[in-house]
Amino acid sequence: MLQDPIKPRLSGRRIAIVEDEFLIARDISEALAKEGAEIVGPFSSVKRALTGLESDLPSAVLLDLNLGGQRSLPIAENLTHRNIPFLVVTGYGSSTITEDLLRRAPTVAKPFDDEALISGLLNLLEDPACS
């Protein structure tokens, strides 16, 4: 008897990637796709993310803290207003996050391994406050 394959953990989820480093965005996209996620983006700037997400409703967003020298706070505010959960992905220490909205958000530190990123995302998606 054939065993059913294990359903990918992010199957049916649309995950937006907001990341200005091409190689990091590519690696994140590949890791999420392996878990069955549909990728939205990636968006490499605040302007591109706000425009690209304007009419889109992803399940969650992976949000780089710093996009080409600009903080991602406007995106976080937009996502919060639209009730779209986001996970901050940053190479900066938590002490450098001065914006209250970003400081309260779940965070994954760079460099990260794929499992840390996937686990952080799954925790975010399973949080009743984010549903």
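Before reading on, note that the structure itself is shown above.
Keep in mind that this is a model prediction, so the values were computed, not measured.

What counts, and where the lines are drawn
Residues numbered from 1 in each chain as written. Predicted model: local features only at pLDDT ≥ 70, side-chain atom pairs only at ≥ 80, totals over all residues. Heavy atoms only, no water. Helix = DSSP H or I, 4+ residues; strand = E, 2+ residues; numbered from the N terminus. Rg over C-alpha atoms; globule rule 2.2 N^0.38 Å. Buried < 20%, exposed > 50% of the residue type's maximum accessible area, 1.4 Å probe, protein only. Salt bridge = Lys/Arg side-chain N within 4 Å of Asp/Glu carboxyl O. Core = buried A, V, L, I, M, F, W, Y, C linked by side-chain atoms within 4.5 Å. Polar contact = N/O pair within 3.5 Å; in protein donor to acceptor, adjacent residues only side chain to side chain.

J.: How should I be thinking about the overall build of the protein in this particular structure?
T.: Counting its secondary structure elements, the protein contains five helices and seven strands. Element order for the protein, N to C, with α for helix and β for strand: β-α-β-α-β-β-β-α-β-α-β-α. In terms of overall size, the protein behaves like a compact globule, its C-alpha atoms giving a radius of gyration of 14 Å where 131 residues would be expected to give roughly 14 Å. Taking the principal axes of its C-alpha atoms as reference, the protein extends roughly 55 × 30 × 25 Å. Expressed as a percentage of the 131 residues in the protein, the buried residues total 40%.

J.: I keep staring at the pattern of salt bridges and nothing clicks. Help me out?
T.: Pairs can form between side chains of opposite charge once their charged atoms are near each other. Inspection of the entire model under this criterion finds 11 salt bridges. Across the salt bridge formed by arginine 26 and glutamate 30, the nearest N and O atoms sit 4.0 Å from each other. Here the residue arginine 26 and the residue glutamate 30 both occupy positions in helix α1 (residues 22-34), the gap between them amounting to four residues, near one helical turn. Of the residues examined, glutamate 30 reaches a relative accessible area of 43% and is grouped as partly exposed. Measuring nitrogen to oxygen at the nearest pair gives 3.3 Å for the salt bridge that ties arginine 103 to aspartate 100. A residue pair is termed a helical-turn pair when its members lie 3 or 4 positions apart in one helix, as arginine 103 and aspartate 100 do in helix α4 (residues 100-104) at three residues. A residue is classified by how much of its surface remains accessible, and arginine 103, at 46% relative accessible area, is partly exposed. Residue classification places aspartate 100 among the partly exposed residues on the basis of a relative accessible area of 39%. Look at the salt bridges and you will find they share partners, linking Arg9, Glu35 and Glu115 into a network.

J.: Looking at this structure, I do not really get the nonpolar core. What am I missing?
T.: Across soluble globular proteins, nonpolar side chains show a tendency to be buried alongside one another. Val18, Leu53, Val61, Leu63, Ile75, Phe86 and Leu102 are the most contacted members of the largest nonpolar core, which has 21 residues in total. No other element matches helix α3 (residues 73-81), which puts three residues into this core. With 18 residues, the next largest nonpolar core counts Leu10, Ala60, Val89 and Leu121 among its residues.

J.: I'm lost on the side chain of serine 29 in this one. Help?
T.: Positionally, serine 29 belongs in helix α1. Within the structure, serine 29 has its side chain in polar contact with the backbone oxygen of alanine 25 (distance 2.9 Å).

J.: What's the story with unusual backbone geometry in this structure? I'm lost.
T.: What is expected of a backbone is that most residues other than glycine have negative phi and most peptide bonds are trans. For the bond from glycine 41 to proline 42, the omega torsion is 10°, close enough to zero to count as cis. With respect to the helices and strands, the residue proline 42 is situated in strand β2 (residues 38-43). Between lysine 110 and proline 111 the backbone carries a cis peptide bond, its omega angle lying at -10°. Along the chain, proline 111 falls in the loop between β7 (107-109) and α5 (114-126). The phi dihedral of asparagine 83 is positive, around 60°, even though this residue is not glycine. For asparagine 83, the location among the structural elements is in the loop between α3 and β6 (86-90).

Bear in mind that shape data such as this cannot, by itself, settle questions of function.
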